[in-house]
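# Close look at the chain arrangement
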Amino acid sequence: MSALRDTGLFKRDVYCPECGAEIKIQDGVEQVCSSCSTRYSYYPEKRIVSQLVFDRHNLDSFVYELNETIVIGRDSQGFVNLHYEDFDSIREYPNIRTHNISDPHARVRVEKVSMSREVNGSKELITKLKCSLEDALSKNGTCVNDQKLRAKETRELKNNDTIILAPNCDRYVKITYKEKFAG
Ligand SMILES: [Zn+2]
């Protein structure tokens with residue numbers, strides 16, 4: 001076998017995907033198995049994390065790291081919360097109180113994606129989350145970068161996007177979407 005194969009190997013895998021022989025890994029460089037001559041590429045992995053940074057009205061901020069689809073709503077006391085879609089368990093309370101937010105108000109859909117890129121002639125594998133914001137038929141609306149979403153409209157989020165829930169209300173909620181390398 002001499003076809004170049006993209007194995008998507010990570011650092012912990014040090015065996016030939018064809019014959020199982022132990023192999024020496026060199027970041028981003030095409031590899032040839034000394035036992036069976038299979039050629040393949042090895043990509044070091046880098047992970048980008050996605051965060052929702054809640055602004056607690058200039059006091060400080062609350063950071064939530066996304067890993068799956070989450071709903072932003074509030075409880076009967078008016079406290080904003082983050083919960084999962086399928087069952088009602090609360091994930092986090094950012095400690096923000098407002099009756100201007102609906103329950104549910106908005107949904108952040110999360111999808112895991114990976115891609116390879118070349119840096120200085122070496123390839124690396126990037127894994128990240130593709131996140132999009134959907135207005136969940138909220139009473140007071142949702143804005144991304146000052147553009148109001150229509151009911152149920154979905155917008156893909158990019159680093160540093162500003163999300164405002166209930167933009168025309170006194171007790172609006174401001175969230176910044178952040179992407180950065182883990183580690
Ligand atoms: Zn081999």
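Everything below is about the structure shown above.
Attention in this report is confined to the structure presented alongside it. The model shown is predicted, which means the values in this text are computed figures rather than measured ones.

## Description of the pattern of salt bridges
Throughout the structure, instances matching the rule amount to 9 salt bridges. Across the pair Glu85 and Arg107 runs a salt bridge whose closest N-O atoms are separated by 2.9 Å. Highlighted residues: Glu85 in the loop between β7 (80–83) and β8 (90–92) and Arg107 in strand β9 (residues 106–119), separated in sequence by 22 residues. Using a relative accessible area of 36% as the deciding quantity, one classes Glu85 as partly exposed. Between Asp161 and Lys158 there is a salt bridge, and its shortest N-O distance comes to 4.0 Å.

## Some points on the layout of surface pockets
Counted as a void, the largest pocket has a volume near 160 Å³. Contributing to the lining of the largest pocket are Arg47, Ile48, Val49, Ser50, Glu65, Leu66, Asn67, Lys112, Val113, Thr127, Lys128 and Leu129. Elements with a contribution of two residues or more to the lining of the largest pocket: β4 (45–55), β9 and β10 (122–135). Considering each element in turn, the lining of the largest pocket owes the most residues, 4 residues, to β4. Residue composition of the lining of the largest pocket, grouped by class: 5 nonpolar, 3 polar and 4 charged.

## Details of the pairing of β9
With 3 bridges connecting them, strand β6 (residues 70–74) and β9 associate as antiparallel partners. Across the sheet, the residue bridging to Val71 is Arg107, located in β9. Bridging between β9 and β10 involves 14 bridges; their strand directions are antiparallel. Within β10, the position partnered with Ala106 by the bridge is Asp135. A loop of 2 residues connects β9 with β10, the two strands running antiparallel in sequence, and Asn120 in this loop sits at a positive phi of about 50°.

## Re the packing of aromatic side chains
As enumerated under the stated definition, the model contains 1 aromatic pair in all. Across from the ring centre of Phe181, 5.8 Å away, lies the NZ or CZ of Lys46, which sits over that ring.

## Points about the coordination of the zinc ion
Donor atoms from the polypeptide that coordinate the zinc ion comprise Cys16 (SG), Cys19 (SG), Cys33 (SG) and Cys36 (SG), at 2.3 to 2.4 Å from the metal. Taken together, the 4 donor atoms coordinating the zinc ion span angles of 107 to 113° at the metal, a pattern that classifies the geometry as tetrahedral. Read in sequence order, the donor residues for the zinc ion give the motif C-x2-C-x13-C-x2-C. With a relative accessible area of 1%, Cys33 lands in the buried category. Classification of Cys36 as partly exposed rests on a relative accessible area of 27%.

The rules behind the values
- Residues numbered from 1 in each chain as written.
- Predicted model: local features only at pLDDT ≥ 70, side-chain atom pairs only at ≥ 80, totals over all residues.
- Heavy atoms only, no water.
- Salt bridge = Lys/Arg side-chain N within 4 Å of Asp/Glu carboxyl O.
- Helix = DSSP H or I, 4+ residues; strand = E, 2+ residues; numbered from the N terminus.
- Buried < 20%, exposed > 50% of the residue type's maximum accessible area, 1.4 Å probe, protein only.
- 1 Å grid on protein atoms, 1.4 Å probe; cavity = no way out; pocket = protein on both sides within 12 Å on 5 of 7 lines; lining within 4 Å.
- Points joined across faces, edges and corners; volume = space filled by probe spheres on them.
- Nonpolar A, V, L, I, M, F, W, Y, C, P; charged D, E, K, R; others polar.
- Pairing = 2+ DSSP bridges.
- Phe/Tyr/Trp six-rings, centres within 6.5 Å; stacked < 30°, edge-to-face > 60°.
- Lys NZ or Arg CZ within 6 Å of the ring centre and 35° of its normal.
- Donors = N, O, S within 2.8 Å, 3.2 Å for Na, K, Ca; no water.
- Tetrahedral: all angles 85-135°; square planar, octahedral: opposite > 155°, others 65-115°.

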